[in-house]
There are 2 protein chains.
Amino acid sequence: MPKSRAKSHPVGFAPAVILVEPQLGENIGFAARAMANFGLTELRLIAPRDGWPSDRARAAAAGADAIIDAATVYPSLEAAIGDLTFLLATTARPRGMVKPVLTPAGAARDLAARGAKGERTGVMFGPERSGLDNDAISLADTIVTAPVNPSFAALSLPQTVLLVGYEWLQARGSQPSLGRATKCDGPAAEGLDLSGTRQATRAELLALFKHLESELDRCGFLRPPEKRPTMVRAIRNMFHRMGATEQDVRTWRGIVASLSGSNRRKGKGEGS
Amino acid sequence: MPKSRAKSHPVGFAPAVILVEPQLGENIGFAARAMANFGLTELRLIAPRDGWPSDRARAAAAGADAIIDAATVYPSLEAAIGDLTFLLATTARPRGMVKPVLTPAGAARDLAARGAKGERTGVMFGPERSGLDNDAISLADTIVTAPVNPSFAALSLPQTVLLVGYEWLQARGSQPSLGRATKCDGPAAEGLDLSGTRQATRAELLALFKHLESELDRCGFLRPPEKRPTMVRAIRNMFHRMGATEQDVRTWRGIVASLSGSNRRKGKGEGS
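Everything quoted here is computed from the prediction, not taken from an experiment. Within any chain, residue numbers begin from 1 and follow the written order of that chain's sequence. Here every chain gets a letter starting at A, and every ligand a number starting at 1, in the order they are written. A pLDDT threshold of at least 70 governs which residues receive local features in this predicted model, and a stricter bar of 80 or more applies before side-chain atom pairs are shown or counted, although totals over entire chains, interfaces and linings include all residues. Note: side-chain values were computed over all heavy atoms of the structure, leaving out hydrogens and water.

### Observations regarding the overall build of chain A
So the rule is basically this: Here a helix means four or more residues in a row that DSSP labels H or I, a strand means two or more in a row labelled E, and each is numbered from the N terminus. Three labels apply to residues, based on accessible area from a 1.4 Å probe with only protein chains included: buried if under 20% of the type maximum, exposed if over 50%, partly exposed otherwise in between. Note on contacts: a residue pair qualifies if any of its non-hydrogen atoms lie within 4.5 Å across the two residues. Here the accessible surface of atoms and residues is derived via Shrake-Rupley with a 1.4 Å probe, and residues count as covered only by protein chains that are part of the display.
Looking only at helices and strands, chain A has 10 helices and seven strands in total. The burial tally for chain A puts 55% of its 272 residues in the buried class. Of the contacts made within chain A by residues no fewer than 6 positions apart, 83% connect residues no fewer than 24 positions apart. For chain A, the accessible surface area stands at approximately 12,100 Å², while carbon and sulfur atoms represent 55% of it.

Below, the structure written as C-alpha cells:
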C-alpha cells in the first residue's frame, strides 16, 4: 500500500473496499463513485473478470477518478488482505456459518472505532451473480447483512458498497464525540396534538395558496413582478412549516376572505 | 389512488416515491429496484422526459415489475400530491429557504411515525441533472439531505432513493418499539436552515398578533365574542408551530396591512 494513505485520514484509517472477482467494469465504477460520496478512498480488486484498467469503470465512476487510478489489483484474496487486522464480509443472507452478523450501522461503528485506534480494516464484496463464496467468508471476522425486504432481497454490488459507505461516514462523524443524547428524539417524544382535526391535504393547501395569492395580487402586495416567485415561495414555506391541519386551512380561508372580502363589500357599500 | 393500497401496509402507510421530471428510464428502473429492496411500493412519476411506459425502466428494475406496472404518471407536481399530508423534498445542498432539514434517518423516523398514524406521506426526488427546483421544494414540509463527503457530494437519483428506502425500512421496523438508541449517531445535520435570518422574538410575534387581531376584530371575523379567545389561540398556535423568523413576521405584517389596509383605502376612495 502507498505510504501516503497513512496520513489521509486524520480521524483514523478508513476501511479498504475489497471487490472479490467483480464481473462488470461498470459496477466497479459505480462502487468507486459510492466510495467517493462517503469519503472512502482505497479500492482493492481481486481478479476482475473483464480485466483492469477498465474504460467502463472509469466512465461509471462519474468523476471519482482518483479512486480508480489508485485501485490495486491482486491475483487472490489472500494476497489482498495480509495487512488488515479486521475484515468484514458482506452477504445477502445467512450462510450457515457460526459467525457474528452485523447490520451496516453496527459494522460501521466497529470499523470507525478500530480505524480511530490505528487498525487497518477492510470490507469484502462478492461477485455480482453469486456473492462471496464460503471460502472467502471464512476469512472474515464478521458478516455484514443489510436489513432488506425479504421478498426482494437482492441488493446490487454498488448498492451494498453505498450502504456500507453511508453508515461508515456517519459512524466516523460520531468518533470520538460519543453519546450525542440530544439526537435521541424518536417520534414518540414530540408531535402535534391534532385535537380532533386532521392534517390538511395538499389539495386543501393548494386551494388556500390560490385564494391567498390571488387576493395578494389584487391588493398589490406581490410586487414588483420579478420578486413575486420568491415571495410566494416564502409564504408557502411558512404554511408548510406550520404543519397546517384541515381546521387551520379553513381558519386561514376565513381570515383571508374577511380581511379582503368584507372590506371589498364594505368598499362597495360605502361607494354605493 | 387505488383503494387496495389502504390495506397493503399493516404497520401503516409507506411513503410514495415521487420522481419529478426524471430524465433516464434506466434510473426510474433502478429507483424501482431500490424501492422493492426496502418494501416501498408506490411510485409516482411527474412528466418523465423519455415517456412512459419505458422498456429501459423495466429492464433496470431487475424484477421489480409490480412497482413499474403500478406506477402512476402525472402532468404536474401539484396533481400528484393532493392526497398527501406530509411531503419531503430531497436536496443535495441547502437552498436558501427557511425549512426544516432532516437526515434520511430522521426523515424515516418521521415518515414511519406518520404512516403508522394513517397519514399519507411522500418523498420527492428531482431530475438527475438539476435536482428539485425551488418551486417544488416550497411545496414540501421538510428537506432531506444525506450526509456525504463534501468534496464529492453528488448522489445519483437511484442512490438517493436507496438511502431513503433503507432508512425507512429500519424506522418502520422500529415502530412502535421506539427508542432505538443505536440509530442516534447521525451527524449534526438536522435542524432548521435559517438562511441568514433568525427566529422571531416573542415581542415581534406579539406585535404581529395585535395587528392581525385588531384587523380581524374590525372586519368581524372574531365573532361571536364568546368564541374569540379560542379562535385567537388557534391562530397564535399556528404561528408558533411555523417557527416564524423575523423575516416571516415582517411578511405577515405586510400581508395583513395589504389585505385590510389597501381595501380600507379603496373603500374610502370609493366612498368619497
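### Digging into the confidence of the model for chain A
Residue and element names in this part refer to chain A. Threshold: Per-residue confidence from the prediction method is given by pLDDT, with values spanning 0 to 100.
On average, residues of chain A carry a pLDDT of 83, and 82% of them reach 70 or more. Low pLDDT, under 50, characterises residues 176-192; the stretch is placed with 20 contacts to residues that sit more than four places away or in other chains. In this model residues 266-272 is a low-confidence stretch, pLDDT under 50, and it forms nine contacts with partners more than four residues away in sequence or in other chains. We note a pTM of 0.77 for the whole complex and an ipTM of 0.75 for its interfaces.

### A word on the domain arrangement of chain A
Put simply, the test is: For the domain bounds, the source is a domain assignment made automatically or taken from a database.
Per the domain assignment, the segments of chain A are domain 1 (16-171) and domain 2 (202-263). Between the C-alpha centres of domain 1 of chain A and domain 2 of chain A there is a distance of 51 Å.

### Some points on the packing of helix α1 (residues 25-37) of chain B against helix α7 (residues 157-173) of chain B
All names here are of chain B. As a reminder of what qualifies: Interaxial angle, 0 to 180 degrees, is taken between N-to-C directions of lines fitted to C-alpha atoms, where a helix line uses only the stretch in contact. These descriptions rest on fixed angle ranges, namely under 35 degrees for roughly parallel, over 145 for roughly antiparallel, 65 to 115 for roughly perpendicular, and the rest for oblique. Crossings are classed by handedness, with left-handed meaning an anticlockwise turn of the near helix from the far one by less than a right angle and right-handed meaning a clockwise turn. Three categories are distinguished: nonpolar for Ala, Val, Leu, Ile, Met, Phe, Trp, Tyr, Cys and Pro, charged for Asp, Glu, Lys and Arg, and polar for the others, with Gly belonging to the last.
Viewed as axis vectors pointing N to C, α1 and α7 meet at an angle of 15 degrees, and their least axial separation amounts to 8 Å. The angle between α1 and α7 falls in the class roughly parallel. For the pair α1 and α7, the sense of crossing is right-handed. In this structure, α1 contributes Asn-27, Phe-30, Ala-31, Ala-34 and Met-35 to the contact, and α7 contributes Leu-157, Pro-158, Val-161 and Leu-162. By residue class, the composition of the contact of α1 with α7 is eight nonpolar, one polar and no charged.

### Quick notes on the sheet that holds strand β6 (residues 121-125) of chain A
Residues and elements named next belong to chain A. Note the cut-off: Two strands make a pair as long as DSSP finds a minimum of two bridges between them.
Taken in spatial order, the seven strands of this open sheet run β3-β2-β1-β6-β4-β7-β5, and their pairing is parallel. Each having just a single partner strand, β3 (72-74) and β5 (101-102) make up the two edges of the open sheet. Here strand β1 (residues 16-20) pairs with strand β2 (residues 43-46) via four bridges, running parallel. Residue pairing in the sheet places Val-20 in a bridge with Ile-46 of β2. Strand contacts of helix α7 (residues 157-173): β1, β4 (86-90) and β6, with the helix running at about 155 degrees to β6, the strand carrying the most contacts.

### Thoughts on the environment of Val161(A)
As for its placement among the helices and strands, Val161(A) is situated in helix α7. Here Val161(A) falls in the buried class, since its relative accessible area comes to 1%.

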